[in-house]
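Close look at the chain arrangement
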Amino acid sequence: MEPMPAPGAKRRPMAEINVVPYIDVMLVLLIIFMVTAPMLVQSVPVNLPDVDATPTEIEPDDSTIIISVNERGVYFIERDEGRPTAMTLKEITEYSAKIRSAVPETRVMIRGDESVAYGKVVALMGALQATGINDVGLITEAPDPEAGR
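Residues numbered from 1 in each chain as written. Predicted model: local features only at pLDDT ≥ 70, side-chain atom pairs only at ≥ 80, totals over all residues. Heavy atoms only, no water.

For the pair helix α2 (residues 89–102) and helix α3 (residues 118–130), interaxial distance at closest approach is 9 Å and the crossing angle is 40°. Classified by the angle between their axes, α2 and α3 sit oblique to one another. Read as a crossing pair, α2 and α3 show a hand that is right-handed. Here α2 contributes L89, I92, T93 and S96 to the contact with α3, which in turn contributes A123, L124, A127 and L128. Its residues placed into classes, the contact of α2 with α3 shows 6 nonpolar, 2 polar and no charged. (Axes fitted to C-alpha atoms, helices over the stretch in contact; angles between N-to-C directions. Helix = DSSP H or I, 4+ residues; strand = E, 2+ residues; numbered from the N terminus. Parallel < 35°, antiparallel > 145°, perpendicular 65-115°, else oblique. Left-handed = near helix turned anticlockwise from the far one by under 90°. Contact = heavy atoms within 4.5 Å. Nonpolar A, V, L, I, M, F, W, Y, C, P; charged D, E, K, R; others polar.)

Let us look at the pairing of strand β2 (residues 75–78). Along β2, one buried face is formed by Y75 and I77 and the opposite face, lined by F76 and E78, is buried too. Connecting strand β1 (residues 64–69) to the antiparallel partner β2 that follows it, the hairpin turn spans 5 residues, and G73 within it adopts a positive phi of roughly 85°. (Buried < 20%, exposed > 50% of the residue type's maximum accessible area, 1.4 Å probe, protein only. Pairing = 2+ DSSP bridges.)

Written out as structure tokens, the structure is:
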């Protein structure tokens, strides 16, 4: 038989951490980030033209400049800020040239709305080429396979 503890003896505290509440909090945060992350990617509404081409796997990061041209032909540079501001063609090319000279491996991508005048995108590409940026990518969307049925 085990001896009974003395009436004045204190029990030793348990030294384990209950991690279940922390896991619940982390799962809620994960769901919040999964829902809000796609909303933060595109800040200028642009209807991209549908093109049947092989997609390239380029993830936007700090070494990518994304220039958007909306349906009215206004230029924007996609940054991490919440609301992009309209910029002139000169401001866009100066900014891109400064970034490209500081970080030569910077990629420049253009998102042009499908209803914008062709000349607006070509003028942007020509201005970028004049500053020495010759490798410019165009962002499009793949056509909906269900649309042809």
